[in-house]
Amino acid sequence: MRQIKALGLAALLVMGLCSNGWAAGKGDTFENDLLKLIFNAPAIANIADNAATSPLTNLFVSMHTADPADAGVQNTSEAAYTGYARVSVARTSGGWTVSGNSVSPVANIDFGECTASCGSNLTHWCVGVASSGATKNLYCGALSTAITMSVGTIPRLKTTTTITED
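Residues numbered from 1 in each chain as written. Predicted model: local features only at pLDDT ≥ 70, side-chain atom pairs only at ≥ 80, totals over all residues. Heavy atoms only, no water.

A. Main features of the packing of aromatic side chains. Scanning all chains against the criterion turns up four aromatic pairs. Between the aromatic rings of Phe-39 and Trp-96, the centroid separation amounts to 4.9 Å while the plane-to-plane angle is 65°, which identifies the pairing as edge-to-face. Here the residue Phe-39 occupies a position in helix α2 (residues 28-39), and Trp-96 occupies one in strand β6 (residues 96-99), the gap between them amounting to 57 residues. According to the relative accessible area criterion, Trp-96 is buried, its value standing at 3%. Ring geometry for Tyr-84 versus Phe-111: centroids 6.0 Å apart, planes at 10°, classification stacked. Taken together, the residues Tyr-84 in the loop between β4 (58-64) and β5 (87-90) and Phe-111 in the loop between β8 (109-110) and β9 (122-128) connect sequence positions 27 residues apart. Take Tyr-84 and Phe-111: they sit in the same class, and that class is buried. A network of ring pairs unites the aromatic residues Phe-39, Trp-96 and Tyr-139 as a single cluster. (Phe/Tyr/Trp six-rings, centres within 6.5 Å; stacked < 30°, edge-to-face > 60°. Helix = DSSP H or I, 4+ residues; strand = E, 2+ residues; numbered from the N terminus. Buried < 20%, exposed > 50% of the residue type's maximum accessible area, 1.4 Å probe, protein only.)

Have a look at this one:
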């Protein structure tokens, strides 16, 4: 498993600072609770809840031709081939499995088939908060093997794709 970087507001929630300014580690239970809050939407008792007026019910997975990096947003280096769209995954235990400080999709995430203008190979993926636009990335990671794009290619993230908090 590779460590995936946390981005955006989630980074503020998970990072505790020591008196010397260095980030302290998180407890295993809290790491798991944080992933459940983001991906399955249950509350973390006395810390955070999902009681907003219109909480997200889905997260949106995107594919990228380069690393969006920490400063990037979800459309930074995002795939743009004909047939591409972000894939919506339910923000529930039916969409994501959270266990042992890791999260994975319950089912394979299949993107639209490339029907023309395939562009560059796909090298990265992100999980964000909207179906399109320059919205925040929650987590991003590199593909273990780049996806070579050609007409007829259907990019897929398998259930073995993992985000780990540690």
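So that's the structure; there's more coming.
B. Examining the state of the cysteines more closely. This structure, assessed with the given rule, holds two disulfides. Disulfide pairing is shown between Cys-114 and Cys-118; the S-S distance is 2.2 Å. The chirality of the disulfide connecting Cys-114 with Cys-118 is left-handed, given an S-S dihedral of about -105°. Judged by its relative accessible area of 0%, Cys-114 is buried. Residue Cys-118 is classed as buried on the basis of its relative accessible area, which comes to 15%. Here Cys-126 is linked by a disulfide to Cys-140, with a sulfur-sulfur distance of 2.1 Å. The sign of the S-S torsion, about 105°, decides the handedness of the disulfide formed by Cys-126 and Cys-140: right-handed. Separated by 14 residues along the polypeptide, Cys-126 in strand β9 and Cys-140 in strand β10 (residues 137-147) bring together distant segments of the chain. Grouping residues by exposure puts Cys-126 and Cys-140 together as buried. Shown here for the chain is a disulfide pattern of 1-2, 3-4, where each number marks a bonded cysteine counted in sequence order. (Disulfide = S-S within 2.5 Å.)

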